[in-house]
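A look at the structure
Given next are the chains, with one letter for each unit.
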Amino acid sequence: MKYLFLLRGLPASGKDYFIDCNNLRPWTLSSDEYRMRCGSPIYNIDGVEQIDQTVSNMAWKKLRTDLENRMARGDMTIINATNISKKDV
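What counts and what doesn't
Residues numbered from 1 in each chain as written. Predicted model: local features only at pLDDT ≥ 70, side-chain atom pairs only at ≥ 80, totals over all residues. Heavy atoms only, no water. Buried < 20%, exposed > 50% of the residue type's maximum accessible area, 1.4 Å probe, protein only. Helix = DSSP H or I, 4+ residues; strand = E, 2+ residues; numbered from the N terminus. Arc of directions from axis to C-beta. Contact = heavy atoms within 4.5 Å. Pairing = 2+ DSSP bridges. Axes fitted to C-alpha atoms, helices over the stretch in contact; angles between N-to-C directions. Core = buried A, V, L, I, M, F, W, Y, C linked by side-chain atoms within 4.5 Å. Salt bridge = Lys/Arg side-chain N within 4 Å of Asp/Glu carboxyl O.

Those residues of helix H2 (residues 31-38) lying buried are Ser31, Tyr34, Arg35 and Cys38. Down the axis of H2, the smallest arc covering the buried residues is 105°, so these residues share one side. On its buried side, H2 packs onto strand E2 (28-30), helix H3 (56-73) and strand E5 (77-80).

Moving on, we come to the sheet that holds strand E1 (residues 4-7). Backbone-to-backbone hydrogen bonds join strands into a sheet, with any given pair of strands oriented parallel or antiparallel. Strand order in this open sheet of 3 strands is E1-E5-E2, and the pairing throughout is parallel. The sheet is open, and its two borders are formed by E1 and E2, each paired with just one other strand. Across the sheet, the mean angle separating the axes of adjacent strands is 20° when strand polarity is ignored. Looking at chain direction, E1 and E5 are connected through 4 bridges and run parallel. Bridging from a neighbouring strand, Phe5 pairs with Ile78 of E5. Sheet strands touched by H2: E2 and E5. Its angle to E2, the strand with the most contacts, is close to 55°.

In terms of nonpolar packing, the biggest core is built from 10 residues, these being Leu29, Tyr34, Cys38, Val55, Ala59, Leu63, Leu67, Met71, Ile79 and Ala81. Within the residue set of this core, elements represented by two or more residues are H2 and H3. When residues in this core are grouped by element, the largest group, 4 residues, is from H3. Here Leu63 is in contact with Leu29, Ser30, Ser31, Tyr34 and Ile79, once residues within four sequence places are set aside.

Backbone geometry places Ala12, a non-glycine residue, at a positive phi of 65°. On the secondary structure map, Ala12 appears in the loop between E1 and helix H1 (15-21). Taking relative accessible area as the criterion, Ala12 reaches 85% and is therefore assigned exposed. Of note, Asn23 is a non-glycine position whose phi angle comes to about 50°, a positive value. Relative to the helices and strands, Asn23 is located in the loop between H1 and E2.

A word on the pattern of salt bridges. Counting across every chain of the model gives 5 salt bridges. Arg25 is paired through a salt bridge with Glu33; the nearest N and O atoms lie 3.2 Å apart. Accessibility expressed as a relative area gives 29% for Glu33, which makes it partly exposed. Salt bridges here are not isolated pairs; linked through shared partners, they connect Asp16, Asp20, Arg25 and Glu33.

Written as structure tokens, this is what we have:
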């Protein structure tokens, strides 16, 4: 049976907290985690570490490939991303 859940919300709105509190990490594909795998953290002008957004296209391509594989197997999957644009959802 195929179940796909999209978590939707602004950054720091509690999506990761919800996943961790409900022990859902093994079923979750996170766009931020894919960005971290595709590129190293960068520092903004204030010296604050952040995720490199220039690798987003590559990260989303990999996430979608993994999602397609999971859905073909019938795995339940949760997508953890802001999903705030109509084209994202």
